[in-house]
Amino acid sequence: MNAVTTSTSPEPAAAEPAVPAQFTTPVPPGLAWSDALNLSMPVMDQTHVAFVDLLAQVQTAEDADLVGRWQTLVEHTEDHFGQEDRWMAATGFAPGSCHMTQHAVVLKVLREGLQLGQQGQFWPIRQMAHELTLWFPHHAQTMDAGLALHLKSVGYDPVTGQLAQPEALPEQAISGCGGACSSSDQNHDKPGSADASADAASEAEEVQAVGGAA
Ligand SMILES: [Fe+2]
Ligand SMILES: [Fe+2]
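Because the structure is predicted, anything quoted here is derived from the model rather than measured.

Our focus in this paragraph is the overall build of the protein. Secondary structure assignment for the protein yields six helices and zero strands. Overall, the protein shows an N-to-C arrangement of helices and strands of α-α-α-α-α-α. In the protein, which comprises 214 residues, the proportion classed as buried is 35%. Residue pairs at least 24 apart in sequence account for 69% of intrachain contacts in the protein once pairs closer than 6 positions are excluded.

So this is what it looks like as structure tokens:
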């Protein structure tokens, strides 16, 4: 009987992937504002200060507040990235340049996290928040730093949108990261530019990995 009973029993359900324990509860903020993140461009820096604060609010949120705070962070990031994309478009970057592309990839993942959270899965948001604490300093110190230098080099005022030195704009649209990623940026090379291309690729992979994990 035992053999019959065993052979007709339904297959056991596949085990759910284990949720990493560190992504099940609020944690202290993993990223704090510091001078190392300051790019000496007040509008950009103020936006980044707010990003760091909103990210801390997500990491410290109880489940009841988590999705709402994540949504606030996602909406802020839409404005944050949109603002930088507009500055790039106004100063000679080609549509789809690598910095813009990374913004799009990251936002896609963050929105996927929001969808999962709205369906009651909270740990992907907590994992994404952790990954953002690693990703953001890298992004700010490479792509955003390169953009800030580029904006200053062409005399672009991000508050008024005025361009003081239009003659300094690149002759060819920039497809890289403001002198950081592309051979077409020869007129806009910046110190450390060789590393930024690899950085861009690895950053995108990191964030996509978070999306895949969810
Ligand atoms: Fe930024
Ligand atoms: Fe950026």
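Core analysis: the largest hydrophobic core is formed by 21 residues, its most contacted members being Leu55, Val58, Leu66, Trp70, Ile125, Met128 and Ala129. Looking at this core, the element that brings in the most residues is helix 5 (residues 123-153), giving six residues. Excluding residues within four positions of it along the chain, leucine 55 makes contact with Leu31, Leu73, Ala129, Leu132 and Thr133. Within the second largest apolar cluster, 13 residues are counted, among which are Met88, Ala145, Leu151 and Tyr156.

The first and last C-alpha atoms of helix 4 (residues 98-118) sit 30 Å apart over 21 residues, in line with the 30 Å expected at 1.5 Å per residue. Glycine 120 sits one or two positions beyond helix 4 and adopts a positive phi of about 95°.

The interhelical angle for the contact between helix 3 (residues 63-90) and helix 5, taken along N-to-C directions, is 15°, at an axis separation of 13 Å. If you check the angle between helix 3 and helix 5, you find them roughly parallel. Considering only the axes of helix 3 and helix 5, their crossing is left-handed. Between helix 3 and helix 5, the residues in contact are Leu66, Trp70, Glu84, Trp87 and Met88 and Ile125, Leu147 and Leu151, respectively.

With that settled, the discussion passes to helix 2 (residues 42-59). Look at helix 2: 26 Å from first C-alpha to last across 18 residues, which is about the 26 Å you get at 1.5 Å a residue. Turning to helix 2, its buried residues number three or more, namely Met44, Thr47, His48, Phe51, Val52, Leu55, Ala56, Val58 and Gln59. The inward-facing, buried residues of helix 2 contact helix 3 and helix 5.

Turning our eyes to something else, we now look at unusual backbone geometry. Backbone phi values are negative for most residues with the exception of glycine, while trans is the configuration of most peptide bonds. In this structure, serine 40 takes a positive phi of about 55° despite not being glycine. Exposure remark for serine 40: the 10 C-beta atoms within 10 Å place this residue in the exposed category.

Now for the packing of helix 4 against helix 5. Following both chains from N to C, one finds helix 4 and helix 5 inclined at 165°, their axes separated by 12 Å at the closest point. Between helix 4 and helix 5, the interaxial angle falls into the category roughly antiparallel. For the element pair helix 4 and helix 5, the recorded crossing hand is left-handed. Residues His99, Gln102, Val109, Leu110, Gly113, Leu116 and Gly117 of helix 4 touch helix 5, and the partners they reach there are Pro124, Ile125, Met128, Met143 and Leu147. Taken together, the residues that form the contact of helix 4 with helix 5 break down as eight nonpolar, four polar and no charged.

Positionally, threonine 47 belongs in helix 2. Ignoring any residue separated from it by four or fewer positions in sequence, one finds threonine 47 in contact with His80 and Gln83.

Rules behind the numbers
Residues numbered from 1 in each chain as written. Chains lettered and ligands numbered in written order. Predicted model: local features only at pLDDT ≥ 70, side-chain atom pairs only at ≥ 80, totals over all residues. Helix = DSSP H or I, 4+ residues; strand = E, 2+ residues; numbered from the N terminus. Buried ≥ 20, exposed ≤ 12 C-beta atoms within 10 Å, placed from the backbone. Contact = placed C-beta atoms within 7 Å. Core = buried A, V, L, I, M, F, W, Y, C linked by C-beta atoms within 7 Å. Expected span 1.5 Å × (residues − 1). Axes fitted to C-alpha atoms, helices over the stretch in contact; angles between N-to-C directions. Parallel < 35°, antiparallel > 145°, perpendicular 65-115°, else oblique. Left-handed = near helix turned anticlockwise from the far one by under 90°. Nonpolar A, V, L, I, M, F, W, Y, C, P; charged D, E, K, R; others polar.

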